[in-house]
Amino acid sequence: MEITRRTALASGAAALALAPGLVRAAVDARALHKKLICIDTHLDMPANLARPGWNVMEKHRFDEDFTQVDYPRMVEGGLDGGFFAIYTPQAPVTPEGMSAMRDAALLRAMEIREMVAAHPAQFELAFVPEDAARIAAKGKIIVFQSIENSGILGDDVTLLRSFYKLGVRMAGPIHFLNNQLGDSATDKKKWGGLSPLGREFVKEANDLGIVLDASHSSDDVFDQMMDQSRAPIICSHSGCRAVHDHPRNLDDARIKRLAAAGSTIQINSYNEYLVTVPPDPERDAARRAARGAMRNVANMSPADATAAVRAAAASEREVDKKYPIPRANFDEYMKHVMHALDLVGPDHVGVGADWDGGGGVVGMEDVSSIPKITERLVKAGYTEAQLANFWSGNALRVLGKAHDARKQA
Ligand SMILES: [Zn+2]
């Protein structure tokens, strides 16, 4: 380990000595990155807001508390905001399970609003594409909201109207498991795509002007949403199947279809979708046990919760040492970005790195590292205008199209 680090430092120093032009280019790329409006279309940070003792205004470290997004790291990484996800794990599709999910989602939406209300000089809610530039100009974080797993709607998709009023502008029907709306990319085929209720959900989202998000949906659901939707759908956090064969990644034909409809694939940095991680039940059990210490944090005092999370993080580091898993690095992440860019061009690709939801790679561990992406793209010859689209223009264009296609009263 030490030898590797020293070698890396030595070669870094050599690069500095040999290539001042390269150093200048890196500095220029970072300045450009700060200037652009950068948004990520899938931020799972709201999941941490209910953690006692966790303060979004403080800088945290992933290896201490598993988090990757907070205000200081967003500022450091030049991340101007994004879609803050109202994520709810799939419960059994029973009346009890569905009402528990609905309540959890309503509380999460409330926590996002509380965050913004508590820090009005740093955060502002956004609802239409034009809000992004207006809020960024004030130096604040742009807070769009999305739903990850619309199973929360139970058996009445008109509940989506209330979430729209709360500010939700993007919604994915499904998560890891099939639900009453349709099939997941990571579950056995049940409906063969959307269920009849799932088709009602698509219509409701269209009528409201909510962007439909196909990340986590099965290929059949993707195809059927493309067929049915009046507005372009998005993939808010997905990779390229041609680079790494995983059902959560999109094949080239579907990426092209997304682009042809005017939309964008937002590239994910979730380890298991970038590299193959062989199953190891012993490791998984050890990891679950390590995180078990923080199962009850919501009911702890701030001091106890902070201590429990730190203890869990420390024991997970020990587990990772004992059972090392293949970890994707920044180059492997960029392979997905570059493949999508080569395939459909910079007007149809962006970033949805799944921060706080399992994202992050070696060399890009939290949001403070995202200027590296811009650096690579500048080096690859992308212009400022192209990067402006990559970092926010594309996603905002899709939001605008959903808004234009809504049912006007
Ligand atoms: Zn996800």
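This text gives an overview of the structure that appears in the document.

Each value, and the rule that gives it
Residues numbered from 1 in each chain as written. Predicted model: local features only at pLDDT ≥ 70, side-chain atom pairs only at ≥ 80, totals over all residues. Heavy atoms only, no water. Helix = DSSP H or I, 4+ residues; strand = E, 2+ residues; numbered from the N terminus. Rg over C-alpha atoms; globule rule 2.2 N^0.38 Å. Buried < 20%, exposed > 50% of the residue type's maximum accessible area, 1.4 Å probe, protein only. Contact = heavy atoms within 4.5 Å. Areas by Shrake-Rupley, 256 points an atom, 1.4 Å probe, with all protein chains shown as cover. Lys, Arg positive; Asp, Glu negative; His and termini not counted. Charge placed at Lys NZ, Arg CZ, Asp CG, Glu CD. Pairing = 2+ DSSP bridges. Axes fitted to C-alpha atoms, helices over the stretch in contact; angles between N-to-C directions. Phe/Tyr/Trp six-rings, centres within 6.5 Å; stacked < 30°, edge-to-face > 60°. Lys NZ or Arg CZ within 6 Å of the ring centre and 35° of its normal. Donors = N, O, S within 2.8 Å, 3.2 Å for Na, K, Ca; no water. Core = buried A, V, L, I, M, F, W, Y, C linked by side-chain atoms within 4.5 Å. Polar contact = N/O pair within 3.5 Å; in protein donor to acceptor, adjacent residues only side chain to side chain.

**As for the overall build of the protein chain**
No. 1: If you tally the helices and strands in the protein chain, you get 16 helices and 9 strands.
No. 2: Expected size for 409 residues packed as a compact globule is a radius of gyration near 22 Å; at 21 Å, the protein chain falls within 12% of this value.
No. 3: Considered along the principal axes of its C-alpha atoms, the protein chain spans approximately 65 × 50 × 45 Å.
No. 4: Counting over 409 residues, the protein chain shows a buried share of 54%.
No. 5: Taking as baseline every contact in the protein chain between residues at least 6 positions apart, the subset at least 24 positions apart corresponds to 70%.
No. 6: Within the structure as shown, the protein chain displays about 17500 Å² of accessible surface, and the carbon and sulfur contribution to it stands at 57%.
No. 7: The averaged location of the 53 negative side-chain charges in the protein chain is 2 Å from the averaged location of its 48 positive side-chain charges.

**What to know about helix α10 (residues 219-228)**
No. 1: Residues of α10 that are buried include every one of V221, F222, Q224, M225 and M226, and no others.
No. 2: On its buried side, α10 packs onto α9 (196-208), β6 (211-212), β7 (235-238) and α11 (252-260).

**Digging into the sheet that holds strand β8 (residues 265-267)**
No. 1: The parallel open sheet is built from 3 strands, whose spatial order is β7-β8-β9. Edge positions in the sheet fall to β7 and β9 (349-351), since each of these pairs with one other strand and no more. Here the strands of the sheet are splayed against their neighbours by 35° on average, with no regard to which way each runs.
No. 2: Direction of pairing for β7 relative to β8: parallel, over a ladder of 2 bridges. Paired with C235 across the two strands is I265, which belongs to β8.
No. 3: Its contacts with the sheet place helix α16 (residues 384-404) against β8 and β9, and it is angled at close to 110° to β9.

**What about the packing of aromatic side chains?**
No. 1: Scanning all chains against the criterion turns up 5 aromatic pairs.
No. 2: Ring centres of F83 and F144 lie 4.8 Å apart, and the angle between their planes is 15°; on these two criteria the pair is classed as stacked. Here F83 is found in strand β2 (residues 81-87), whereas its partner F144 is found in strand β4 (residues 141-148), with 61 residues between them in sequence.
No. 3: Between K372 and the ring centre of F330, over which it is positioned, the NZ or CZ distance is 5.0 Å.

**Quick word on the coordination of the zinc ion**
No. 1: Ligation of the zinc ion by protein atoms is provided by E148 (OE), H216 (NE2) and H237 (NE2), these donors lying 2.1 to 2.2 Å from the ion.
No. 2: By relative accessible area, H237 is classed as buried at 1%.

**As for the nonpolar core**
No. 1: Counting 84 residues, the largest nonpolar core has Y333 and I373 as the members making the most contacts within it.
No. 2: Sort the elements by how many residues they give to this core and helix α14 (residues 330-344) lands first, with 7 residues.
No. 3: Beyond its immediate stretch of four places on either side in the chain, I373 contacts F330, Y333, M334, V351, M364, F390 and W391.
No. 4: The next biggest cluster of nonpolar side chains, apart from the first, holds 18 residues, and it includes I39, A136, V211 and V398.

**Considerations on the side chain of S229**
No. 1: Position of S229 relative to the elements: it lies in the loop between α10 and β7.
No. 2: Owing to a relative accessible area of 12%, S229 belongs among the buried residues under this scheme.
No. 3: A polar atom in the side chain of S229 sits 3.1 Å from the side chain of N206.
No. 4: Setting aside residues up to four positions removed in sequence, S229 forms contacts with V202, N206 and L212.

**Some remarks on the environment of P278**
No. 1: Among the secondary structure elements, P278 is positioned in the loop between β8 and α12 (281-292).
No. 2: Overall, the relative accessible area of 45% leaves P278 in the partly exposed class.
No. 3: In contact with P278, not counting residues within four places along its chain, are R283 and P326.

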